[in-house]
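Coordinate analysis (summary)
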Amino acid sequence: MQQFDISPLEGGIGAEVRGLDLTREISASVRDAMEAAWLDAGILVFRGIGDSPEKQLALSRAFGELEVHPIENIRVEGYPELIWLSNRKSDETAPVYHYDGLATVGRIPWHSDLVYTTTPNRGALLRMLEMPYSGGQTGWIDTAAAYDALPETTKQRIEHLEARFSFIADPREMRFGRPNVERHDETNLEREKAFYPHFPDTIHPLVWRHPVSGRKALCVSPLHLREVVDLSKQEGDALLHALVAHATDSRFSYIHAWQPNDMVLWDNLRSMHRAFGNPPDASRLVHRTTLKSTVAMGRLAPTAND
């Protein structure tokens with residue numbers, strides 16, 4: 001039987017898996033033990049063992065069924081369940097933003113994947129192939145830990161409240177947790193927006209209940225968060241500003257300083273993540289798999305015609 005060890009990451013958010021041998025088939029007992037560790041920790045780090053697409057896919061499949069990304073041109077050739085994500089200096093289409101005056105590509109604020117739909121994915125596994133000379137970190141927030149740390153009065157207040165979420169690609173359109181950001185070049189902005197898919201707004205509870213573990217977690221995803229349903233704008237905005245500030249406190253986060261062939265798995269239903277970005281003249285390349293979910297977590301927002 002394969003053996004591996006689980007040890008908490010520094011700071012208490014997430015855990016590291018050590019001793020896993022991906023040159024061997026992952027047995028059912030090892031798979032079950034890793035899934036239990038994943039449910040418990042929310043974020044699992046595998047250092048230096050992701051040296052091939054086959055190993056990334058084998059590890060990913062141990063945690064569930066994988067999605068095939070609908071956009072063909074970012075699929076890794078020969079591996080339809082793998083996509084590449086690049087902030088390469090040769091990629092002239094990557095938008096450049098200035099954060100606090102510093103030119104950056106590939107920075108994505110805190111978010112939960114597909115929270116602007118009724119079926120957010122179950123999770124994802126990221127593998128580092130090419131690191132930039134500066135920046136390029138990825139961060140995760142344990143939103144279950146953030147919920148647990150709320151005062152009881154706040155937990156009771158938000159227990160049955162809902163929020164509206166929208167698909168947002170431009171960080172300048174954020175309403176909560178917005179960084180100090182400006183666009184470097186507006187020339188291609190409309191052309192970029194023409195390629196964005198259309199997603200109707202979605203409503204989610206502010207408190208998600210994990211469909212497997214039953215744990216409660218904050219659902220705030222600052223990149224996509226718009227308003228509290230059925231509260232006045234003043235009251236709702238004040239509440240969301242406070243919840244976002246609480247959830248994004250560093251005590252609930254793990255920031256990964258990548259090394260080649262590192263892999264990180266996260267539970268999208270109890271976490272948020274962000275990409276820190278890198279200088280425009282640097283290169284960064286990762287491969288990602290995405291774990292499918294069929295559990296409905298919200299509902300479509302009513303429209304003016306409803």
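Let us look at the structure shown here.

On to the sheet that holds strand β12 (residues 202–205). Across the sheet, four strands lie side by side as β15-β10-β12-β20; this open sheet has antiparallel pairing. The sheet terminates laterally at β15 (225–228) and β20 (299–300), the two strands that pair on one side only. The pairing of β12 with β20 spans two bridges and is antiparallel. Looking at the pairing, Thr202 lines up with Leu300 of β20.

In this section: the sheet that holds strand β9 (residues 138–142). Reading across the sheet, the six strands line up as β11-β6-β7-β18-β9-β16 and stay open at both edges, with antiparallel pairing between neighbours. A single partner strand is all that each edge strand has here, and the edge strands are β11 (181–183) and β16 (253–256). This sheet shows a mean twist of 25 degrees between the axes of neighbouring strands, independent of strand direction. Where strand β7 (residues 102–111) meets strand β18 (residues 271–278), four bridges bridge the pair, whose relative direction is antiparallel. Along β18, the bridge assignment pairs Val105 with Asn278.

Our focus in this paragraph is the pairing of strand β17 (residues 263–267). Across the five residues of β17, five count as buried, placing the element largely inside the fold. Across four bridges, the pairing between strand β3 (residues 43–46) and β17 is antiparallel. Bridge pairing in β17 links Val45 to Val264. Pairing of strand β8 (residues 123–130) with β17 involves five bridges; the strand directions are antiparallel. Bridge pairing in β17 places Leu126 opposite Val264.

Residues Ile158, Leu206, Leu218, Val220, Leu225 and Leu243 are the most contacted members of the largest nonpolar core, which totals 29 residues. The dominant element in this core, judged by the number of residues it contributes, is helix α6 (residues 233–247), at five residues. Those residues in contact with Leu218, other than ones at most four positions away along the chain, are Thr143, Ala146, Tyr147, Leu150, Ile158, Leu206, Leu243, His246 and Ala247. With 24 residues, the next largest nonpolar core counts Val17, Val30, Leu57 and Leu291 among its residues.

To continue, consider the packing of aromatic side chains. Enumeration according to the criterion identifies seven aromatic pairs in this entry. Taking 5.2 Å as the distance between ring centres and 75 degrees as the angle between the ring planes, the aromatic pair formed by Trp38 and Phe63 counts as edge-to-face. Pair noted here: Trp38 is in helix α1 (residues 28–41) and Phe63 is in the loop between α2 (53–61) and β4 (75–76), with a separation of 25 residues, a long-range link. Aromatic side chains Tyr97 and Tyr99 sit 6.3 Å apart centroid to centroid with 55 degrees between the ring planes, which places their arrangement in the tilted category.

What follows covers α2. Those residues of α2 that fall on the buried side of the exposure criterion are Pro53, Lys55, Gln56, Leu57, Leu59 and Ser60. Taken together, the buried residues of α2 touch α1, β3, β5 (79–86), β8, β17 and β19 (285–291).

Enumeration over the complete set of coordinates arrives at 20 salt bridges. As a salt-bridge pair, Glu65 and Lys292 come within 3.1 Å of each other at their nearest N and O atoms. Highlighted residues: Glu65 in the loop between α2 and β4 and Lys292 in the loop between β19 and β20, separated in sequence by 227 residues. By relative accessible area, Glu65 is classed as exposed at 54%. Looking at Lys292, the relative accessible area reads 35%, which means it is partly exposed. Salt bridges here are not isolated pairs; linked through shared partners, they connect Glu16, Arg18 and Arg47.

Burial along strand β10 (residues 162–165) is one-sided: Ala163 and Phe165 are buried, and none of Glu162 and Arg164, which face the opposite way, are. The pairing of β10 with β12 spans four bridges and is antiparallel. By the bridge assignment for β12, Arg164 is matched with Ile203. Relative to β15, β10 runs antiparallel, the two sharing three bridges.

Cut-offs applied
Residues numbered from 1 in each chain as written. Predicted model: local features only at pLDDT ≥ 70, side-chain atom pairs only at ≥ 80, totals over all residues. Heavy atoms only, no water. Pairing = 2+ DSSP bridges. Helix = DSSP H or I, 4+ residues; strand = E, 2+ residues; numbered from the N terminus. Axes fitted to C-alpha atoms, helices over the stretch in contact; angles between N-to-C directions. Buried < 20%, exposed > 50% of the residue type's maximum accessible area, 1.4 Å probe, protein only. Core = buried A, V, L, I, M, F, W, Y, C linked by side-chain atoms within 4.5 Å. Contact = heavy atoms within 4.5 Å. Phe/Tyr/Trp six-rings, centres within 6.5 Å; stacked < 30°, edge-to-face > 60°. Salt bridge = Lys/Arg side-chain N within 4 Å of Asp/Glu carboxyl O.

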